[in-house]
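Structural features, examined
Here is how the chains run, residue by residue.
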Amino acid sequence: MHYLDHASTSKMLPEAVEAALAVMRAAPRNPSSVHRLGIEAERIVEDARRDIARALGCERDELFFTSGGTEANNWAILSGADGLPGRGGLALTSALEHHSSLEPVKALSRRGFDVRVLPPDKNGDITPALVLDAFENGPCLMSFMLINNETGQLSDISGIADAVKRREGVFFHCDAVQAFMKHDFSARELGVSTLSVSAHKIGGPAGIGALYVKKGAKLPPVFLGGGQQKGMRPGTEPVALISAFATAVNLRRAALAEDIARMNALRDHAMKLILSAVPGAHINGRPDAPHILNFSVRSAPSEVLIRMLQDSGVYVSAGSACSRGRRSHVLAALGIEPALCDGALRVSLSPESTEADIEALCGALSKALLSLGTGR
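What you are looking at is a predicted structure, and each value in this text was computed from that prediction instead of being measured. (Residues numbered from 1 in each chain as written. Predicted model: local features only at pLDDT ≥ 70, side-chain atom pairs only at ≥ 80, totals over all residues. Heavy atoms only, no water.)

1. Section: the packing of helix 2 (residues 36-56) against helix 8 (residues 239-254)
A packed helix pair is summarised by two numbers, namely the angle formed by the two axes and the spacing between the axes. Closest axis-to-axis distance for the helix 2/helix 8 pair is 9 Å, and the angle between their directions is 35°. The crossing of helix 2 and helix 8 is left-handed. Across the interface between the two elements, A41, I44, V45, A48, D51, I52, R54 and A55 of helix 2 pack against V239, I242, S243, F245, A246, V249, N250 and R253 of helix 8. Residue composition of the contact of helix 2 with helix 8, by class: eleven nonpolar, two polar and three charged. (Axes fitted to C-alpha atoms, helices over the stretch in contact; angles between N-to-C directions. Helix = DSSP H or I, 4+ residues; strand = E, 2+ residues; numbered from the N terminus. Left-handed = near helix turned anticlockwise from the far one by under 90°. Contact = heavy atoms within 4.5 Å. Nonpolar A, V, L, I, M, F, W, Y, C, P; charged D, E, K, R; others polar.)

Structural data, given as structure tokens:
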């Protein structure tokens with residue numbers, strides 16, 4: 001099998017699996033319990049919080065565990081809006097965002113916010129200048145992603161944050177799910193109010209993520225109930241998932257520079273082979289990230305190609321796994337013509353991806369196009 005859909009989800013690292021199993025095999029432990037087993041569980045959670053915070057470039061008490069990136073994005077955006085002074089204001093996002101950020105921002109219109117979805121500039125970027133042009137006086141919530149999940153394009157988040165830092169009443173959320181452990185950054189140095197990450201994109205388990213909340217940022221909790229995580233995110237912490245998340249983070253962090261260099265080389269190799277092997281292949285967006293390459297084949301729908309590739313043991317996607325069956329709003333916003341949008345494929349790598357995976361992809365793609373009568 002040649003799995004090239006890691007932007008959707010990645011296989012758990014063996015060490016992360018063992019970390020989860022070690023907790024699940026042990027005596028039952030609730031981190032809120034005051035007996036020895038509860039104290040042991042709390043230590044596992046807090047050690048994991050420390051390690052993940054260190055990798056994110058923030059303080060331990062600025063990190064809160066969630067069920068994943070979608071919850072983290074919704075919490076940051078909806079509660080961040082609640083924490084702004086007054087009622088309503090301006091809500092800014094871009095047409096390139098993941099639906100788990102885009103839809104909560106749009107929902108703020110029901111709370112009296114003036115919602116503006118910014119189109120990218122001619123280079124496909126959301127620039128500080130674009131954001132400033134949309135600004136007005138008064139409270140503002142902004143949400144922009146660091147690395148686009150479909151094209152791999154990198155946004156100037158720190159530049160945007162710097163451009164608005166003298167404005168009062170600004171809450172800035174960043175979706176960094178595709179950037180974490182794939183791009184070297186620091187949450188604090190980006191200058192945002194909140195930032196979301198997820199475990200299953202980096203070899204950890206699904207069902208666990210985290211939200212960075214800058215000290216001083218006003219973020220009311222979404223859930224009410226127990227006092228876990230300072231009352232910010234009540235609910236019994238999933239100790240096994242948290243332990244596995246931290247294990248994956250520590251492993252990725254130890255080899256981050258080498259992994260990024262290796263994935264960059266593989267992505268470039270894939271791009272070269274695809275452009276030479278596929279008639280009329282078109283690269284969509286700017287593949288800044290080391291692990292994502294989006295390209296289009298004009299002569300065949302992506303759904304057909306995905307089925308034919310999987311018959312050869314090669315697994316890719318047509319874009320976001322959360323948008324199955326719909327034309328990509330990201331590619332449309334970049335001005336890519338519908339015929340190319342409909343033939344788009346996303347190849348996404350992990351540090352475990354190999355040249356053999358890329359060779360298999362190109363071989364299977366050539367075979368599929370020949371069978372469709374459109375290849376060389």
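2. Concerning the pattern of salt bridges
Inspection of the entire model under this criterion finds 21 salt bridges. The salt bridge partner of R36 is E40, with a shortest N-O separation of 2.9 Å. Taken together, the residues R36 and E40, both in helix 2 and four residues apart, mark about one turn of the helix. Owing to a relative accessible area of 23%, E40 belongs among the partly exposed residues under this scheme. In this structure, D61 and K215 form a salt bridge, with 3.8 Å as the shortest nitrogen-oxygen distance. (Salt bridge = Lys/Arg side-chain N within 4 Å of Asp/Glu carboxyl O. Buried < 20%, exposed > 50% of the residue type's maximum accessible area, 1.4 Å probe, protein only.)

3. Some thoughts on the sheet that holds strand 4 (residues 113-118)
Strand order in the open sheet formed by seven strands is 2-8-7-6-5-3-4, with mixed pairing between adjacent strands. The open sheet is flanked by strand 2 (63-66) and strand 4, the only strands paired with a single partner. Direction aside, the axes of adjacent strands within the sheet are offset by 20° on average. Pairing between strand 5 (residues 140-145) and strand 6 (residues 170-175): six bridges, direction parallel. The partner of M142 across the bridge, within strand 6, is F172. (Pairing = 2+ DSSP bridges.)

4. Description of the sheet that holds strand 9 (residues 282-283)
Pairing is antiparallel across the open sheet formed by three strands, whose spatial order is 9-10-12. Here the strands that pair on one side only, and so sit at the sheet edges, are strand 9 and strand 12 (344-348). Sheet topology note: the strand 10 (residues 292-296)/strand 12 ladder contains five bridges and is antiparallel. Across the sheet, the residue bridging to I292 is S348, located in strand 12. The strands that helix 9 (residues 256-277) touches are strand 9 and strand 10; relative to strand 10, the one it contacts most, it runs at about 10°.

5. Digging into the environment of I358
Locating I358 in the fold gives a position in helix 13 (residues 355-371). Given the relative accessible area of 0%, I358 is considered buried. When the C-alpha atoms of I358 and Y3 are compared, they prove to be 9.9 Å apart, with 355 residues separating the residues in sequence. Beyond its immediate stretch of four places on either side in the chain, I358 contacts L4, L266, H269, A270, L273 and L349.

6. Remarks on the nonpolar core
Counting 58 residues, the largest nonpolar core has L92, V131, M142, F144, F180, L195 and F245 as the members making the most contacts within it. If you tally residues by element for this core, the top one is helix 8, at eight residues. By size, the runner-up hydrophobic cluster in this structure holds 27 residues, among which are I283, I306, L309 and L361. (Core = buried A, V, L, I, M, F, W, Y, C linked by side-chain atoms within 4.5 Å.)

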